[in-house]
Amino acid sequence: MDGCVSSDELLDILGDAEGRALLVALRRESQSAKELAETTNLSLPTVYRRLDRLSTYGLIDSTTEVEADGTHYRRYECLFDETVITLTSEGFFAELSSDEEVLSPVEPDGTSPD
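Residues numbered from 1 in each chain as written. Predicted model: local features only at pLDDT ≥ 70, side-chain atom pairs only at ≥ 80, totals over all residues. Heavy atoms only, no water.

Give me the lowdown on the overall build of the chain, citing residues and values where you can.
Helices and strands together make up the secondary structure of the chain, namely four helices and six strands. Listed by position from the N terminus, the elements making up the chain come as α-α-β-α-α-β-β-β-β-β. Pairs at least 24 apart in sequence give 44% of the contacts found in the chain among residues at least 6 apart. (Helix = DSSP H or I, 4+ residues; strand = E, 2+ residues; numbered from the N terminus. Contact = heavy atoms within 4.5 Å.)

The following block contains the structure:
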């Protein structure tokens, strides 16, 4: 994540049960959209909508896989493994991290701390 998402936006994204199901599945292993649809019992259009939103906010990444016959598809992976939500007198503070690296501290007003 690039730090431009506010804590409110992050909480909204993580509040979506279908998006969370995709993140959990992707935390286990990278998968294609079709595999995710099968794993989570979600429709393929729903999977693509959620993947687009998660990608927009930098929570997942994708790579293109090319088969021997030339067909290609995208594999998705989760970019974080920890979420810390803190309630302060100013509001919520959200922080994502991966392997001890903080990815996106965001202040309650949506700004990154310096």
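Help me get a handle on unusual backbone geometry, residues and values and all.
Located in the positive-phi region is Asn41, a residue other than glycine, with phi close to 60 degrees. On the accessibility criterion, Asn41 (69% relative accessible area) is exposed. (Buried < 20%, exposed > 50% of the residue type's maximum accessible area, 1.4 Å probe, protein only.)

Account for a nonpolar patch on the surface, with residues named and values stated.
On the surface, a cluster of nonpolar side chains totalling about 280 Å² of accessible area is made up of Ile85, Leu87 and Phe92. By the element assignment, Phe92 lies in strand S5 (residues 91-98). Classification of Phe92 as partly exposed rests on a relative accessible area of 36%. (Patch = residues over 30% accessible without salt bridge, like charges linked within 9 Å, V, L, I, M, F, W, Y side chains within 5 Å. Areas by Shrake-Rupley, 256 points an atom, 1.4 Å probe, with all protein chains shown as cover. Salt bridge = Lys/Arg side-chain N within 4 Å of Asp/Glu carboxyl O.)

Which residues make up the environment of Leu26, and what are the values?
Looking at the secondary structure, you find Leu26 in helix H2 (residues 17-28). On the basis of relative accessible area, Leu26 is assigned to the buried category, the value being 3%. In this structure the C-alpha to C-alpha distance between Leu26 and Ile60, which are 34 residues apart in sequence, comes to 8.4 Å. Once you skip the residues sitting within four places of it in the chain, Leu26 turns out to touch Gln31, Leu36, Leu51, Ile60, Tyr76, Glu77 and Cys78.

For the packing of helix H3 (residues 33-40) against helix H4 (residues 44-56), give the residues involved together with the corresponding values.
To characterise two packed helices, one gives the angle between the axes of the helices and the distance between these axes. Direction vectors running N to C along H3 and H4 enclose 115 degrees, while the axes themselves pass 9 Å from each other. Judged by the inter-axis angle, H3 sits roughly perpendicular to H4. Where H3 crosses over H4, the handedness of that crossing is right-handed. Together, Ala33, Lys34, Leu36, Ala37 and Thr40 of H3 and Leu44, Val47, Tyr48 and Leu51 of H4 make up the contact between the two elements. For the contact of H3 with H4, a count of residues per class yields seven nonpolar, one polar and one charged. (Axes fitted to C-alpha atoms, helices over the stretch in contact; angles between N-to-C directions. Parallel < 35°, antiparallel > 145°, perpendicular 65-115°, else oblique. Left-handed = near helix turned anticlockwise from the far one by under 90°. Nonpolar A, V, L, I, M, F, W, Y, C, P; charged D, E, K, R; others polar.)

Quick one: what's the story with the nonpolar core, residue by residue and with numbers?
Ranked by size, the top nonpolar core spans 21 residues in total, and within it Leu23, Val47, Leu51 and Leu59 carry the most contacts. Listing elements by their share of this core, those giving two or more residues are helix H1 (7-14), H2, H3, H4, strand S3 (72-78) and S5. Here this core takes four residues from H2, the largest share from any one element. Contacts of Leu51, omitting those with residues within four sequence positions, involve Leu22, Leu26, Ala33, Leu36, Ile60 and Tyr76. (Core = buried A, V, L, I, M, F, W, Y, C linked by side-chain atoms within 4.5 Å.)

Any details on the packing of H2 against H4? Residues and values, ideally.
Contact geometry for H2 and H4: axes closest at 10 Å, N-to-C directions at 80 degrees. The angle between H2 and H4 falls in the class roughly perpendicular. For the pair formed by H2 and H4, the contact residues are Glu18, Gly19, Leu22, Leu23 and Leu26 on the first element and Thr46, Val47, Arg50, Leu51 and Leu54 on the second. Taken together, the residues that form the contact of H2 with H4 break down as six nonpolar, two polar and two charged.

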